[in-house]
Amino acid sequence: GRVKNDYELIKEDGTSIGRIKSIQADKESKTEAKAGEKVAISLDDPTIGRHIFENEVYYSAVPRRHALILQEKYKAHLTTPELELIDYIQRIIRK
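Let us look at the structure shown here.

Rules of the game
Residues numbered from 1 in each chain as written. Predicted model: local features only at pLDDT ≥ 70, side-chain atom pairs only at ≥ 80, totals over all residues. Heavy atoms only, no water. Helix = DSSP H or I, 4+ residues; strand = E, 2+ residues; numbered from the N terminus. Polar contact = N/O pair within 3.5 Å; in protein donor to acceptor, adjacent residues only side chain to side chain. Contact = heavy atoms within 4.5 Å. Buried < 20%, exposed > 50% of the residue type's maximum accessible area, 1.4 Å probe, protein only. Phe/Tyr/Trp six-rings, centres within 6.5 Å; stacked < 30°, edge-to-face > 60°. Expected span 1.5 Å × (residues − 1). Salt bridge = Lys/Arg side-chain N within 4 Å of Asp/Glu carboxyl O.

## Describing the side chain of K11
Along the chain, the position of K11 falls in the loop between β2 (8–10) and β3 (16–25). One polar contact links the side chain of K11 to the main-chain carbonyl oxygen of H51, over a distance of 2.6 Å. Those residues in contact with K11 that sit more than four places away from it in its chain are I17, H51, E56, V57, Y58 and I92.

## Overview of the environment of Y88
Along the chain, the position of Y88 falls in helix α2 (residues 80–94). The partly exposed category is assigned to Y88, whose relative accessible area is 28%. Each C-alpha atom, one on Y88 and one on K34, is 18 Å from the other, the two residues being 54 residues apart in sequence. Other than its neighbours up to four places away in sequence, Y88 contacts E12 and Y59.

## Structural notes on the environment of K4
Checked against the element boundaries, K4 lands in strand β1 (residues 2–4). Residue K4 is classed as partly exposed on the basis of its relative accessible area of 33%. Measuring from C-alpha to C-alpha, the distance between K4 and I41 comes to 9.8 Å, with 37 residues separating the pair along the chain. Residue contacts for K4: discarding those within four places in its chain leaves I20, I23, T31 and E32.

## Some remarks on the packing of aromatic side chains
Under the criterion given, the structure shown has 1 aromatic pair. Each ring, one from Y59 and one from Y88, has its centre 5.5 Å from the other, and the planes form 65 degrees; the classification is edge-to-face. Of this pair, Y59 sits in strand β7 (residues 59–60) while Y88 is found in helix α2, placing the two residues 29 residues apart along the sequence. The class of Y59 is buried, set by a relative accessible area of 13%.

## Things to note about α2
Given 3.6 residues per turn, any residue in an α-helix points the same way as the ones three and four places further on. Along its 15 residues, α2 runs 21 Å from first to last C-alpha, staying within 8% of the 21 Å computed at 1.5 Å per residue. Those residues of α2 that are buried lie in contact with β2, β7 and α1 (64–73).

## Considerations on the pattern of salt bridges
Summed over all chains, the structure comprises 4 salt bridges. With a closest N to O distance of 3.2 Å, E37 and K30 form a salt bridge. One salt-bridge network, held together by shared partners, links R2, K4 and E32.

## Remarks on the environment of V39
For V39, the position within the fold is in the loop between β5 (32–34) and β6 (40–43). Between the C-alpha atoms of V39 and A25, which are 14 residues apart in sequence, the distance is 4.8 Å. When neighbours within four sequence positions are excluded, V39 is seen to be in contact with I23, Q24, A25, K30 and A33.

Structure (structure tokens):
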């Protein structure tokens, strides 16, 4: 997966924690971060220790319409783990 500026992040229970304002790696701004990269992310709303906590996992809230397009039109370009992640995120959002 990947995240970009302005993507909404959600917790595993579906709670929104805010939108990504900026992404940095090695003190340089980036427009996106890919799975496995270590980056710093600035969000617009949450407070550390109150809304978000160390070691929590967050997901980008892929809108249903976008998920369907990815699964139908671009399925051949996605890996099995990416397709499974899209399904998992959609289940989180439907809760």
